[in-house]
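Chain by chain, the residues:
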Amino acid sequence: MNNYPIFPSLLAFDFAFLQRQVAEVAAAGAAGLHFDLMDGQFVPNLTFGPMVLAALRPHTALPFWAHLMTYNPEALIEPLAQAGTTRVYLHPESTPHIHRVLGQVRAAGMEVGVAINPGTPVDILEPVLELVDGVLVMSVNPGFGGQAFIPSSIGRVAQVQALAQRLGLTPSIECDGGVDCTTIGPLARAGMTGAVVGSALFRSGDPATALRDVVAAAQK
Ligand code: DX5
Ligand code: ZN
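Since the model is a prediction, treat every value here as computed from it, not as a measurement.

Cut-offs applied
Residues numbered from 1 in each chain as written. Chains lettered and ligands numbered in written order. Predicted model: local features only at pLDDT ≥ 70, side-chain atom pairs only at ≥ 80, totals over all residues. Heavy atoms only, no water. Helix = DSSP H or I, 4+ residues; strand = E, 2+ residues; numbered from the N terminus. Rg over C-alpha atoms; globule rule 2.2 N^0.38 Å. Buried < 20%, exposed > 50% of the residue type's maximum accessible area, 1.4 Å probe, protein only. Contact = heavy atoms within 4.5 Å. Areas by Shrake-Rupley, 256 points an atom, 1.4 Å probe, with all protein chains shown as cover. Lys, Arg positive; Asp, Glu negative; His and termini not counted. Charge placed at Lys NZ, Arg CZ, Asp CG, Glu CD. Near = heavy atom within 4 Å. Polar contact = N/O pair within 3.5 Å; in protein donor to acceptor, adjacent residues only side chain to side chain.

A.B. asks: Talk me through the overall build of the protein chain; I want residue IDs and the actual numbers.
C.D. replies: A count of helices and strands for the protein chain gives eight helices and eight strands. Radius of gyration (C-alpha) of the protein chain: 16 Å, near the 17 Å computed for a compact globule of 220 residues. Principal axes of the C-alpha set define a box for the protein chain whose edges measure 40 × 35 × 30 Å. Within the protein chain, the fraction of its 220 residues that count as buried is 53%. Contacts in the protein chain between residues far apart in sequence, at least 24 positions, make up 64% of those at least 6 positions apart. When the accessible surface of the protein chain is totalled, it reaches about 9,100 Å², and 56% of it is carbon and sulfur. Counting 11 positive and 17 negative side-chain charges, the protein chain places the centres of these two groups 5 Å from one another.

A.B. asks: An account of the site of ligand 1 is needed here, citing residue identities and associated values.
C.D. replies: Around ligand 1, the structure places 20 residues, and the nearest of them are Ser9, Gly143, Gly146, Asp176 and Ser199. Note that an oxygen atom of ligand 1 is positioned 2.8 Å from one of the side-chain N or O atoms of Asp36. In this structure, Gly146 approaches ligand 1 through a main-chain N or O atom, which is 2.8 Å from an oxygen atom. Elements represented by at least two residues in the shell around ligand 1 include exactly strand 2 (33-38), strand 3 (64-69) and strand 8 (194-197).

Right under this line is the structure:
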């Protein structure tokens, strides 16, 4: 039942009860936690930095995946490594030196991910795909939780899957934004191997049941 990986996004959590909600999604079978770091410049919202990951690290064994929506992502790599981050997703739209920064994440001992905005051609991945463990296909324009899913994301997942196959690579492929029981099935069939889920987990007030429901919907 719980073998389709779901990464709850902390953006949808109640920040007054972070530790409790982390424990709830962990007990419900979350594969890891998705942390959205936003700088108010690269995206029109400001969230939190590595200290929130560091604060939660002693309280759960779940992998921590950091999604960097910041300019100058270089500055956050070492603090994220120190905070016990498992994987870092970087946007090529946020730096002219994506190849170098991906290498810096690897050198810091973390898994490497690349994230692309809905308006960025999938081809941008070709020169860096061999460097990464995972691709995050943004299925909303990043900045906020609870936005409407962009339907063309399904085709973009298929494009990433085809590119990976052509290059003989097997990165994980996740979607981020508007993933729920309705959208997860078509995405999984297009080649998505795991999903970030935010507001869909908390709409009902029962995140554990909602998490099991999206896992089941992915497998239909
Ligand atoms: C959006 C963030 C997402 C967000 C997803 O910029 O990157 O991780 O939390 O939230 P939902 O699932 O509510 O679209
Ligand atoms: Zn995210």
